[in-house]
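Below, each chain spelled out in residue letters.
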Amino acid sequence: MELEPRPSGSELRRCHGNTSASLASLLLAWRNCGKARKMAASVLEVVLSSDAGGSLWNCNVWEPRSGTSLTSYRGGNTSARGLCTLAGEYLLGAQLGKNYISVWELQRKDQLQQKIICPGLVTCLAASPNGLHVAAGIGESIYLWEVSTGNLLLTLNRHYQDLTCICFTDDSSHLISGGKDNLVLVWSLCSVLQVNFAHVPEPRYVWSRHTLPVTDIHRGVGGPLSRVATASLDQTVKLWELCCGELLLSVLFDVGIISVTLDPCEYCLFCGGNDGSIFQVNLFTEPDLREKNFQIDKDGSQIFKGHRNQVTCLSISMDGTLLISGSHDETVRLWDIQSKQCLRTINHKGPVTNAFLMVASANMFNPDSRPSLSLPKFSRYLHSSEITENEEGGAITLSLQHNKKESQESYLKKAEELYSVMCTAADKHLLGDGENTKMRVAELEDEVKTLKKINRDLYDFSVQVLTKQT
C-alpha cells in the first residue's frame, strides 16, 4: 500500500472546511495518518539474493533500505531463475551445475539442507503460491511435484529446447514456461492434472512471437485475468492477455532484454538489458499501439544507469517506490523509481543470479518455530510407474475428467474390498500368522479411514456444488 505524504496544515484545513475545521477533526486526521504509517512499518520486505560465486553463502537476506544482512543460507550455488520460497516456510534453490534442489527451513539458517534429487540439471524453478506444487524445468521438460506427498505428478514435454524460465499465476491456476526454442507456453493445471494417460497434455496457449530465446517471464495479478510480460534476446518485450491469449503490446529496444517486471499497478514495464541499462516503459502515455520502439526522453529519465553488465533480475516493492536489480557486475542495486537514483549498492562475490523482494514470513526470524508441514522425499519418477512397480504405494488417484463413461470402482467399493482383506488378515493373525500380519492389518485400517474420508469430502463437495447451482 502506497502512503500519501504527511499532510500540511493548509491541506488539512482545506479538507475539513478551512477555518471552520475543529481541532478535534485535525487531530483525528493526523492520528489516522499515524496508524497507517505504523501498519506499513509492520510489513517487512526483505531482499533475497544469490550469486554464482557462493564463497560466503548460497543465499543472503537483506534489509533493503539499510543494506543490513539479516540472515544467510549456506551450501552450494543457486542457478539463475532457480530460487523461490515455498508456502512461506521453505527456501528452494536449484544448484548450479548439479542435479538436485537444496531445501532450507526459512528460520533455521545453519541447518544442513534437504536435497531433492532430480533426473537432470534444473534450469529454472518455481513454487505455486498456494504451496501445493513445485515445478522445475529440466532440459526440455517440465517436472511437476505434489508437495504434500512428494509424488511426481507428470512431466510436460512440449518445448523443443531447454527451458529458461517458469512461473505460476498468483492464484496457482496456470503455469507459464519459456525456453530457448523462442516459445512461451501457458498450461492450465486443471487440465494437465486430469488423469488420462492415453492423451498427451497440451498447453492452453502457445505464444510464438519471439524470434530468439525467451529470457524472463513476469506475471501480473489477477489469476486467469492477469497480464504476462515476456522478455527475449530478440530485443523485444511483449505483453500478453492471459484470459484470451492475445498480444497487447510489443516494445522493441536496441539491446537484448534479460529481465522484465511490472509495477504493482501495472502502469510501467521495467526491462533489464544485456548492456546494464534498465528501461522504464510507460504503458499509458501513448495511443493504443500494438508495436512501438522504445524512445528515450530528452533528459534520459526513462533509463536507470549504473550497472556495468547485463541485468539478470528485477523486482519492485509492494508500494511501487523501490526497484531491486541484480547484475553480472556482481552488485545488487536499490533504486528510487521516481528519481531514478541508486540509493544503495550491495556487493557480491560473483555474478548475481537471483535477487527479488518478498514479504518476510512470520517465522523467518524466529529460531524456535517449525514448519507446519514437513517435506516428504520427492520422487524422481512418475507416480503411476511407481504404483505399478510397488504395490504397497498406498496412493489414491482422483479423476477430474468430465463425461468419462468408462466404468471405475467407487471409493466405497474399494473400502469394502480392503475391509474384506483386512478381515482375512485378522483371521490369519488369530491362527498365529505372526507380527507381519498385524502390521499389515494396521496399514489397511489406516487406508480404509483415508478412503472413507475422501469419499465423505467428495460427497460434501458435490452437495455444495449442486445446491449452489439450484
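Residues numbered from 1 in each chain as written. Predicted model: local features only at pLDDT ≥ 70, side-chain atom pairs only at ≥ 80, totals over all residues. Heavy atoms only, no water.

### A short note on the overall build of the chain
Helix and strand counts for the chain stand at six helices and 29 strands. Counting only contacts in the chain whose residues sit at least 6 apart along the sequence, the fraction spanning at least 24 positions is 49%. Split by element, the accessible area of the chain, about 24800 Å² in all, is 52% carbon and sulfur. (Helix = DSSP H or I, 4+ residues; strand = E, 2+ residues; numbered from the N terminus. Contact = heavy atoms within 4.5 Å. Areas by Shrake-Rupley, 256 points an atom, 1.4 Å probe, with all protein chains shown as cover.)

### Thoughts on the pattern of salt bridges
Within the structure shown, the criterion is met by five salt bridges. Between Asp216 and Arg81 there is a salt bridge, with the nearest N and O atoms lying 3.5 Å from each other. Placement of the pair is Asp216 in strand β16 (residues 214-219) and Arg81 in strand β4 (residues 78-86), with a sequence separation of 135 residues. Measuring nitrogen to oxygen at the nearest pair gives 3.4 Å for the salt bridge that ties Arg158 to Glu202. With a gap of 44 residues between them, Arg158 in the loop between β11 (152-156) and β12 (163-168) and Glu202 in the loop between α3 (189-192) and β15 (205-207) connect regions that are remote in the sequence. (Salt bridge = Lys/Arg side-chain N within 4 Å of Asp/Glu carboxyl O.)

### Description of a nonpolar patch on the surface
A cluster of nonpolar side chains, namely Leu44, Leu70 and Phe365, defines an oily patch on the protein surface of about 220 Å² accessible area. Mapped onto the elements, Leu70 comes out in strand β3 (residues 69-73). In this structure Leu70 comes out as partly exposed when scored by relative accessible area, which is 32%. (Patch = residues over 30% accessible without salt bridge, like charges linked within 9 Å, V, L, I, M, F, W, Y side chains within 5 Å. Buried < 20%, exposed > 50% of the residue type's maximum accessible area, 1.4 Å probe, protein only.)

### Details of the layout of surface pockets
Rolled over the atoms, a probe sized like a water molecule indicates the empty space that remains. For the second largest pocket, the calculated volume is near 1400 Å³. Around the second largest pocket sit 48 residues that line it, and His218, Arg219, Ser315, Phe356 and Leu357 are the ones nearest its centre. Among the elements that line the lining of the second largest pocket, the one with the most residues is strand β29 (residues 352-359), at seven residues. Of the residues assigned to the lining of the second largest pocket, the class counts are 28 nonpolar, 13 polar and seven charged. (1 Å grid on protein atoms, 1.4 Å probe; cavity = no way out; pocket = protein on both sides within 12 Å on 5 of 7 lines; lining within 4 Å. Points joined across faces, edges and corners; volume = space filled by probe spheres on them. Nonpolar A, V, L, I, M, F, W, Y, C, P; charged D, E, K, R; others polar.)

### Focus: the pairing of strand β14 (residues 184-188)
Across the five residues that make up β14, a large majority, five, are buried. Of the two faces of β14, the one carrying Val184, Val186 and Ser188 and the one carrying Leu185 and Trp187 are both buried. In the sheet, strand β13 (residues 174-179) pairs with β14 via five bridges, with the strands oriented antiparallel. In the sheet register, His174 faces β14, and the bridge partner there is Ser188. If you look at the hairpin formed by β13 and β14, you'll find four residues sitting between the two strands, and Asn182 has a positive phi there, around 75 degrees. Bridging between β14 and β15 involves three bridges; their strand directions are antiparallel. Residue pairing across strands places Leu185 opposite Val206, the latter belonging to β15. (Pairing = 2+ DSSP bridges.)

### Some words on the confidence of the model for the chain
Overall, the prediction assigns the chain a mean pLDDT of 80, with 76% of residues at 70 or greater. Overall, residues 1-42 carries pLDDT values under 50, and its contacts beyond four positions in sequence, including any with other chains, amount to 23 contacts. Low pLDDT (under 50) marks residues 385-408, which in the prediction has 23 contacts with non-local residues, meaning those over four places away or in another chain. (pLDDT = per-residue confidence, 0-100.)

### A look at the side chain of Ser177
With respect to the helices, strands and loops of the structure, Ser177 is situated in strand β13. Residue Ser177 is classed as buried on the basis of its relative accessible area of 0%. At 2.9 Å, the side chain of Ser177 forms a polar contact with the side chain of His159. Among the polar contacts made by the side chain of Ser177, one reaches the side chain of Trp187 at a distance of 3.3 Å. (Polar contact = N/O pair within 3.5 Å; in protein donor to acceptor, adjacent residues only side chain to side chain.)

### Concerning unusual backbone geometry
Non-glycine residue Arg81 carries a positive phi angle of around 60 degrees. One non-glycine residue, Gln235, lies in the positive phi region at around 70 degrees. Tracing the backbone through its elements, the reader meets Gln235 in the loop between β17 (227-232) and β18 (236-241). For Gln235, a relative accessible area of 29% corresponds to the partly exposed category.

### Regarding the nonpolar core
The biggest cluster of nonpolar side chains holds 21 residues, and the ones touching the most others in it are Leu86, Leu92, Ile101, Val122, Leu125, Val134 and Trp145. Counting residues per element, the ones that place at least two in this core are β4, β5 (90-95), β6 (100-105), β8 (122-127), β9 (133-138) and β10 (141-146). Formed by 18 residues, the second largest nonpolar core is a distinct cluster that contains Val251, Phe253, Val255 and Ile257. (Core = buried A, V, L, I, M, F, W, Y, C linked by side-chain atoms within 4.5 Å.)

### Quick word on the environment of Asp329
Tracing the sequence through the fold places Asp329 in the loop between β26 (322-327) and β27 (331-336). Taking relative accessible area as the criterion, Asp329 reaches 9% and is therefore assigned buried. A distance of 3.1 Å separates the side chain of Asp329 from the side chain of His307, its partner in a polar contact. At a separation of 2.6 Å, a polar atom in the side chain of Asp329 contacts the side chain of Thr331.

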